[in-house]
Amino acid sequence: MSKSHLDRLLAPWVFVLTGILFNILSAVITHYFIGLNNDQINLLDREIDKQQVLIDSLWQSKTEVERKKEFFILLLSSKPDNPALEEAFYHDYLDGLLGRYGLQDFATRMRRQEGTDLELLLDLSSAAQESIIESINSSYFEILELRDKKMPIEAGNSRLLSIAIFLQLTGLILVLARDLRRR
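Parameters at a glance
Think of each chain on its own: its residues are numbered from 1, step by step along the sequence as written. Selection of residues for local features in this predicted model requires a pLDDT of at least 70, selection of side-chain atom pairs for listing and counting requires 80 or more, and totals for whole chains, interfaces and linings are taken over all residues. By convention in this description, side-chain values take in all heavy atoms of the structure and omit both hydrogens and water. Secondary structure elements are taken from DSSP: a helix is a run of H or I of four residues or more, a strand is a run of E of two residues or more, and numbering for both begins at the N terminus. Every residue pair with non-hydrogen atoms within 4.5 Å of one another is taken to be in contact. Here the Shrake-Rupley method, with its probe set to 1.4 Å, supplies the accessible areas, and only the displayed protein chains count as covering residues. Think of a salt bridge as a Lys or Arg side-chain nitrogen and an Asp or Glu carboxyl oxygen that are within 4 Å of each other. Relative accessibility decides the category of a residue: with a 1.4 Å probe and only protein chains considered, values under 20% of the type maximum give buried, values over 50% give exposed, and everything between is partly exposed.

Undergrad: What's the story with the overall build of the protein in this structure? I'm lost.
TA: Regarding its fold elements, the protein presents 5 helices and 0 strands. Counting from the amino terminus, helix and strand elements in the protein follow one another as α-α-α-α-α. Counting only contacts in the protein whose residues sit at least 6 apart along the sequence, the fraction spanning at least 24 positions is 80%. Carbon and sulfur atoms make up 59% of the accessible area of the protein, which totals about 12,400 Å².

Take a look at the structure:
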């Protein structure tokens, strides 16, 4: 390689152009690729938040079932003023549990049942709570899967940010190096 060819290769404009190119690449990486990844992370975070709200709602439902079970235990153990109203209220509640938690296994048992039955209430309440716990577990595992999907995207963003910073600093050094070449 001749000296004139080397001088052209090390000309100040080459340093400046290369430095500008590195800074442009850094900006593209930062604003495009990292931006796309952040959009994916935001979608996953929203889905995680939705699942967490669902879990909170399900816990509240479980507590509600427990409280209503306790209420009906007290109601059934007392002497009712209006037995027909109590029985209607009791059966409406049990029908609601059947429909809300998909406990159709108890439908035939309820049809056979006349009056109020504490054992049926306890069994149906326990089955409803088990159904709720299964839904909570399912939602929790969904959250874990979403977090597992998010981790490699965040790691990729970290790598891309490191590359972008390296390119930006190298570009700045090359732009400043043009002054050194003139001396």
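Undergrad: Looking at this model, I keep getting lost on the environment of Asp56. Mind explaining?
TA: Within the element layout of this structure, Asp56 appears in helix H2 (residues 12-77). Residues Asp56 and Ile136, spaced 80 residues apart in sequence, show a C-alpha to C-alpha distance of 8.7 Å.

Undergrad: Is there a simple way to think about the pattern of salt bridges in this case?
TA: Two side chains of opposite charge can pair, provided their charged atoms sit close to one another. The full count for this structure, using the stated rule, is 6 salt bridges. For Arg100, the salt bridge identified is with Glu64, shortest N-O distance 3.7 Å. With Arg100 in helix H3 (residues 83-101) and Glu64 in helix H2, the pair connects residues that are 36 residues apart, well separated along the chain. The exposure class assigned to Glu64 is partly exposed, which follows from its relative accessible area of 34%. For Glu66, the salt bridge identified is with Lys69, shortest N-O distance 3.5 Å. Taken as a pair, Glu66 and Lys69 lie in helix H2 at a separation of 3 residues, close to a single helical turn. Here Glu66 falls in the partly exposed class, since its relative accessible area comes to 25%.

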